Amino acid sequence: MTQLTNPTQTTQTTTHLPIQTREKLLNTVYLGTFILAALAVLAYSYTVITITGTWSILALYATLVFIQGIFTFKHDIPYKWRALFLVSLTFIVSVVDMATLGLAGDARLWLIVFIIYSIVLFGRTGTISVIISIICLAITGYLQSHNNLPLVQPELETYVSASGWISVTLYSVAIYLMALMAIIHILRDINQSITQEKELTHALEQERRRLDQNVSERTRAIQATAAVSRHISTLRDTTQLAQIVVNEIQTTFNYYYVQIYLMDEAGKTLHLFGGTGEAGQKMLEKGHHIPLGQGIVGHAAATNQLISVPNVYKFEDWLPNPLLPSTRSEIAIPITIGQEVLGVLDVQQNIIGGFSQEDTNMLQSIASQVAIVLRNARLYSQAQERARQEAILTNFRQKLQQATNIEQVLELTARELGQVLATTHARVELKRPQSSAANRT
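What you are looking at is a predicted structure, and each value in this text was computed from that prediction instead of being measured. Each chain carries its own residue numbering, running from 1 in the direction its sequence is written. Per-residue local features of the predicted model are confined to residues with pLDDT of at least 70, and side-chain atom pairs are confined, for both listing and counting, to 80 or more; whole-chain, interface and lining totals are unaffected and use all residues. Each side-chain value is worked out from all heavy atoms of the structure, with water and hydrogens disregarded.

A. Region of the structure containing the pattern of salt bridges. We define a salt bridge as a contact between a side-chain nitrogen of Lys or Arg and a carboxyl oxygen of Asp or Glu at a distance within 4 Å. Taken as a whole and judged by the stated rule, the model has 4 salt bridges. A salt bridge links K282 to E278; the shortest N-O distance between them is 3.3 Å. Note that K282 and E278 are positioned in helix 8 (residues 277-285) at a spacing of 4 residues, about one turn of the helix. Exposure categories follow from relative accessible area, calculated using a 1.4 Å probe and restricted to protein chains: below 20% of the type maximum is buried, above 50% is exposed, and the middle band is partly exposed. For E278, a relative accessible area of 59% gives the class exposed. One network of salt bridges, with partners in common, ties together E205, R208 and R209. The helix count covers DSSP runs of H or I at least four residues long, the strand count covers runs of E at least two residues long, and both are numbered beginning at the N terminus.

So, in structure tokens, the structure goes:
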């Protein structure tokens, strides 16, 4: 089974969300805040025009909203600049609120939003927003307690004293710290869930690829087996049969070398009948053969057992062939009918461990088909020989019945024997019995 590897397994859980998640979140926040900010500017414009308000503040808000619109809809702007603008915009709004309303306004709420955006969008780097917020609160409280900030509402007097702004600052700091811890905890959980989802997705993808590969290999094996069966089913010549089989296997699976040996009638020697490429052609021309029991092929035939060698250099009786210098692994499969070994299908690869279980199963199936075809070819050849002999005998009987004397019988016998034995000269001699010769004298 293919080992599944996951590059996220060594990744530690942090407060950083994946960049894709942060970008989606940033786009959503931008769109939502832009719509709300635009409505707020419109409402403030109505207030400034009809009731009262500051035109400079309106101009500032309108400018910020316009710039926000650019960052909202231009997604080709780098992420860090879009995130930095959103965080900065939130901070500017909180500072403007503190400058006009002091600690009694919505500045503390805006600072909380500023902290949340900073941590979510920038991770650990964003925690500096907590320090910035505390400093802003302290400065605002100090300026307000020394009457350096205008108080637009009388009820804000409670924040003017030193004890008042200190207590408000400490209260706000406590809220910020709790928000910070909650955000970090939530981000860790989210990041852990995303990491686990990625690991599961990666594992499922690996498994799917492995299954697809297995299906592809099995389909290819079935197609190759069917192709070999289709090509060899009607063959009767063993040499042609062996060559077609090895060529089909080598072409389909791109093995380094494929060959078929057939056992001689004495059962002592394996003769090469088919080999791929130039090496196979040269060995066929030289009448290459292997004694039974020698090498990987000889051992497979002698034991009638499949022999798979992942590394031929570790097989003691391996017979290296100078015509095949790149052989690194080899598999030899006996071609058998029952316990009778007809030959051996031998396949070689130029890599160590070049044969999978699928390869072995496919080659065994092909070897079984070759064995059946070889048996059928032999039976067909034997039937043809018997038919030929029967035809000769029938013809001889018919001619013999037409002979009228002993000379015609002898002449006919000599001629027919010459044809049967494929010889140019045949002679039949009759010896006179000694007793008959003595009687005649």
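B. How the structure looks around the packing of helix 3 (residues 79-101) against helix 4 (residues 107-122). Relative to each other, helix 3 and helix 4 sit at 165 degrees, their axes nearing to 8 Å. Considering the angle they form, helix 3 stands roughly antiparallel to helix 4. In the packing of helix 3 onto helix 4, the handedness of the crossing is left-handed. On the side of helix 3, the interface is formed by Y79, K80, A83, L84, L86, V87, T90, F91, V93, S94, D97 and M98, while helix 4 contributes A107, W110, L111, V113, F114, Y117, S118, L121 and F122. When its residues are assigned to classes, the contact of helix 3 with helix 4 shows 16 nonpolar, 3 polar and 2 charged. Axis lines are fitted through C-alpha atoms, for helices just across the contact stretch, and the angle between N-to-C directions can take any value from 0 to 180 degrees. For classification, angles of less than 35 degrees are called roughly parallel, those exceeding 145 degrees roughly antiparallel, those between 65 and 115 degrees roughly perpendicular, and all remaining angles oblique. Left-handed describes a crossing whose near helix is turned anticlockwise from the far helix through less than a right angle; right-handed describes the clockwise counterpart. Throughout, a contact is declared for two residues whenever any of their heavy atoms are within 4.5 Å. In the scheme used here, Gly and all other residues not listed as nonpolar or charged are polar, with Ala, Val, Leu, Ile, Met, Phe, Trp, Tyr, Cys and Pro taken as nonpolar and Asp, Glu, Lys and Arg as charged.

C. Structural view of helix 1 (residues 19-50). In a regular helix each residue adds 1.5 Å, so 32 residues correspond to 46 Å; helix 1 covers 46 Å between its end C-alpha atoms and thus fits that length. Of the positions making up helix 1, those classed as buried are R22, L26, V29, Y30, F34, A37, V41, S45 and V48. Looking at the buried residues of helix 1, the elements they touch are helix 2 (55-73), helix 3 and helix 4. A helix's residues, less one, multiplied by 1.5 Å, set its expected span.

D. Spotlight on the nonpolar core. By size, the foremost hydrophobic cluster in this structure holds 25 residues, and its most contacted members are I249, Y255, I260, I335, L345, V347 and L363. Those elements giving two or more residues to this core turn out to be helix 7 (238-253), strand 1 (257-263), strand 5 (329-337), strand 6 (340-349) and helix 10 (357-402). With 8 residues, the top contributor of residues to this core is helix 10. Excluding residues that lie within four positions of it along the chain, L363 makes contacts with I249, Y255, I331, I333, L345 and V347. The term nonpolar core refers to a set of buried residues drawn from Ala, Val, Leu, Ile, Met, Phe, Trp, Tyr and Cys, joined through side-chain atoms within 4.5 Å.

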